[in-house]
Amino acid sequence: MRDAFLVKLSFWLIVIGAFALLTPQPAWPEWLARMILSTGIALVITTAIVKYRDSRKKR
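What you see is a predicted model; the values in this text were computed from it and never measured.

Rules used in this analysis
Residues numbered from 1 in each chain as written. Predicted model: local features only at pLDDT ≥ 70, side-chain atom pairs only at ≥ 80, totals over all residues. Heavy atoms only, no water. Phe/Tyr/Trp six-rings, centres within 6.5 Å; stacked < 30°, edge-to-face > 60°. Buried < 20%, exposed > 50% of the residue type's maximum accessible area, 1.4 Å probe, protein only. Helix = DSSP H or I, 4+ residues; strand = E, 2+ residues; numbered from the N terminus.

Aromatic rings in a pair are described by how distant their centres are and how their planes are angled relative to each other. Summed over all chains, the structure comprises one aromatic pair. Plain terms: the ring middles of Phe11 and Trp12 are 5.1 Å apart, the flat faces sit at 75 degrees to each other, and that makes the pair edge-to-face. Judged by relative accessible area, Phe11 falls into the partly exposed class, the value being 46%.

Time to look at the environment of Leu32. Relative to the elements of secondary structure, Leu32 occurs in helix H2 (residues 30-58). We classify Leu32 as partly exposed; its relative accessible area is 23%. The spatial distance from the C-alpha of Leu32 to the C-alpha of Ala42 is 15 Å, given a sequence separation of ten residues.

Quick look at the structure:
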């Protein structure tokens, strides 16, 4: 359940960050949009690594 929540959260962070970067006149600064996008990508990578480690530990 935790993995599903983290994947959904990271998906929406990536969508919001990408949308904020692609809009012609964004509502917030570019650095904030990049930070949101980077956080989403880092969260996906971290979740994948932890899930892989847990599945390998069970074997």
